[in-house]
Amino acid sequence: SLVDSSTNEAVTTYIFPEGTRTKNGLMGPFKKGAFHAARNKKLPIVPATITYNGTKSCLRYLPVISYDSDRSVNDTLDTCHEMIHRQLADNHVQ
C-alpha cells in the first residue's frame, strides 16, 4: 500500500483520485481507494489543483480535510471533489 511504511518518517504521497484522464478535459468522478487508505491510517487529505495555461503550470493546495472518525469515506470524497471543482470553476477551468 502507498501509505504503509516500515519507518516513522513523514512521507508525502500524491494520488490522483480520478485514476485516469478524461477525453473531454472535464473533471471526472473520484475513485474511493485513496479515501479508504487515508481513513484507515487516520490521515488528513490535502486537496490540490493543477492547472496549465499554455505557458505555465500552477499547483494550488486547498484547505486540509482533517481525519474525522464520524465522517464516511463517501462524505470525504464528496467534500474533496466539491472543493477541487469549485477551485477550478473559480479559475475558469472545468
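Topic: the overall build of the protein
- Within the protein one finds two helices and two strands.
- Counting from the amino terminus, the protein carries its helices and strands in the arrangement α-β-β-α.
- Expressed as a percentage of the 94 residues in the protein, the buried residues total 22%.
- Long-range contacts, defined as pairs at least 24 residues apart, comprise 49% of the intrachain contacts of the protein with a sequence gap of at least 6.
- Total accessible area computed for the protein in this model is approximately 7200 Å², and 50% of it derives from carbon and sulfur atoms.

A short note on unusual backbone geometry
- Not every positive phi belongs to a glycine, and K42 is a case in point at roughly 60 degrees.
- Note on placement: K42 falls in the loop between helix 1 (33–40) and strand 1 (48–52).
- The exposure class assigned to K42 is exposed, which follows from its relative accessible area of 56%.

Observations regarding helix 2 (residues 73–90)
- Helix length check: helix 2 (18 residues) gives 26 Å between terminal C-alpha atoms against 26 Å at 1.5 Å per residue, within 8%.
- Considered for burial, the residues of helix 2 that qualify are V73, T76, L77, C80, M83, I84, Q87 and L88. Angular distribution of buried residues about the axis of helix 2 spans 130 degrees; they occupy a single face of the element.
- Buried residues in helix 2 make contact with helix 1, strand 1 and strand 2 (57–61).

Observations regarding a nonpolar patch on the surface
- Together, Y14, F16, V46, I50, L59, Y61 and V64 make up a nonpolar patch on the protein surface, roughly 780 Å² of accessible area in all.
- Note that F16 resides in the segment before helix 1.

Brief notes about the nonpolar core
- In terms of nonpolar packing, the biggest core is built from 13 residues, with M27, F30, F35, I45, I65, C80 and I84 touching the most fellow members.
- Elements with a contribution of two residues or more to this core: helix 1 and helix 2.
- Ranked by the residues each element gives to this core, the list is headed by helix 2, at six residues.
- Ignoring anything within four residues of it in the chain, the contact list for I84 reads M27, F30, P47, A48, T49 and L62.

Rules and cut-offs
- Residues numbered from 1 in each chain as written.
- Predicted model: local features only at pLDDT ≥ 70, side-chain atom pairs only at ≥ 80, totals over all residues.
- Heavy atoms only, no water.
- Helix = DSSP H or I, 4+ residues; strand = E, 2+ residues; numbered from the N terminus.
- Buried < 20%, exposed > 50% of the residue type's maximum accessible area, 1.4 Å probe, protein only.
- Contact = heavy atoms within 4.5 Å.
- Areas by Shrake-Rupley, 256 points an atom, 1.4 Å probe, with all protein chains shown as cover.
- Expected span 1.5 Å × (residues − 1).
- Arc of directions from axis to C-beta.
- Patch = residues over 30% accessible without salt bridge, like charges linked within 9 Å, V, L, I, M, F, W, Y side chains within 5 Å.
- Salt bridge = Lys/Arg side-chain N within 4 Å of Asp/Glu carboxyl O.
- Core = buried A, V, L, I, M, F, W, Y, C linked by side-chain atoms within 4.5 Å.

Scope: geometric values only; no functional claims are made or implied.
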